Amino acid sequence: MLHEIAATPKDSLSSFETAIPNLLRTVRVELDHLQLYKKAEWHRQQQAIASSQSKLKGWLARLLCCKGIEDIMDTANIRVHSDPSFLKMNSTPFVNGPPGKGRYIFALSEAKQSIAVTGIYMVCLNLPPHS
């Protein structure tokens, strides 16, 4: 369609006037296709997010079922309250909750290699540093 318009002599305005409705129709059809693709991609990404959230909940539940791990992770909350890097601007703890309730802190860590692959890892900051 665009090649036909570009090949038309510049002094022939009538051919442009007849091609405009076809061009507009083609543009509308392509925009409709893009909208459908956008909607399908949105739903695909929402399903992936929901799936990964349920996987995280299952993983965390399995971790907390390990003997003694909940106590280890809860002692990290005490360290977090005393660490200045975990304080808000008004000097209150970033993680503040009722006593006896676990507050788990996660961070994203990037591992770059010399090849063209990058890994992103989620790290639980409540676990004590490995000695």
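Residues numbered from 1 in each chain as written. Predicted model: local features only at pLDDT ≥ 70, side-chain atom pairs only at ≥ 80, totals over all residues. Heavy atoms only, no water.

Description of the overall build of the protein
This is how the line gets drawn: Helix and strand definitions here come from DSSP, where helices need a minimum of 4 consecutive H or I residues and strands a minimum of 2 consecutive E residues; each element is numbered from the N-terminal end. Here the term buried applies to any residue with accessible area under 20% of the maximum for its type, exposed to any over 50%, and partly exposed to those in between, with areas from a 1.4 Å probe on protein chains only. Contacts between residues were defined by any pair of non-hydrogen atoms, one from each residue, lying within 4.5 Å.
Across its full length, the protein carries 3 helices and 2 strands. Going from N to C terminus, the protein has its helices and strands arranged as α-α-α-β-β. For the protein, with 131 residues in total, the buried portion stands at 13%. Residue pairs in contact within the protein that sit at least 24 positions apart in sequence constitute 31% of those at least 6 positions apart.

Observations concerning the environment of N22
Rule in force here: Think of a polar contact as two N or O atoms within 3.5 Å of one another; within protein, one of them needs to be a possible hydrogen donor and the other a possible acceptor, and neighboring residues in sequence only count if both atoms come from side chains.
Tracing the backbone through its elements, the reader meets N22 in helix α2 (residues 13-64). Here the side chain of N22 touches R25 through a polar contact of 2.3 Å, side chain to side chain.

What about a nonpolar patch on the surface?
The following threshold applies: Like-charged residues within 9 Å of one another, or nonpolar side chains (Val, Leu, Ile, Met, Phe, Trp, Tyr) within 5 Å, are grouped into patches, provided each residue has over 30% relative accessible area and no salt bridge. The accessible surface values rely on the Shrake-Rupley method and a 1.4 Å probe; as for residues, cover is taken only from the protein chains in view. We define a salt bridge as a side-chain nitrogen of Lys or Arg found within 4 Å of a carboxyl oxygen belonging to Asp or Glu.
There is a patch of nonpolar side chains on the surface, built from L56, W59, L108, I120 and M122 and spanning about 530 Å² of accessible area. The set of elements that each furnish at least two residues to the nonpolar patch consists of α2 and β2 (118-124).

Digging into the state of the cysteines
Cut-off, in case you're wondering: Two cysteine sulfurs form what is called a disulfide whenever their separation falls within 2.5 Å.
Enumeration according to the criterion identifies 0 disulfides in this entry. Looking at the unpaired C65, the closest cysteine sulfur is the one in C66, lying at 7.3 Å. Among the residues examined, C65 registers a relative accessible area of 67% and is labelled exposed.

A word on the nonpolar core
Heads up, the condition is: We define a nonpolar core as any set of buried Ala, Val, Leu, Ile, Met, Phe, Trp, Tyr and Cys residues linked to one another through side-chain atoms lying within 4.5 Å.
In terms of nonpolar packing, the biggest core is built from 5 residues, these being L60, L63, I69, M73 and C124. Within the residue set of this core, elements represented by two or more residues are α2 and α3 (69-82). Those residues in contact with L60 that lie beyond four places of it in its chain are Y104 and F106.

Quick word on the confidence of the model for the protein
Our working rule: For every residue, the pLDDT score states the predictor's confidence, bounded by 0 at the bottom and 100 at the top.
When pLDDT is averaged across the protein, the result is 77; 66% of the residues are at 70 or more. Highest mean pLDDT in the protein belongs to α2 (85); lowest belongs to helix α1 (residues 2-7) (61).

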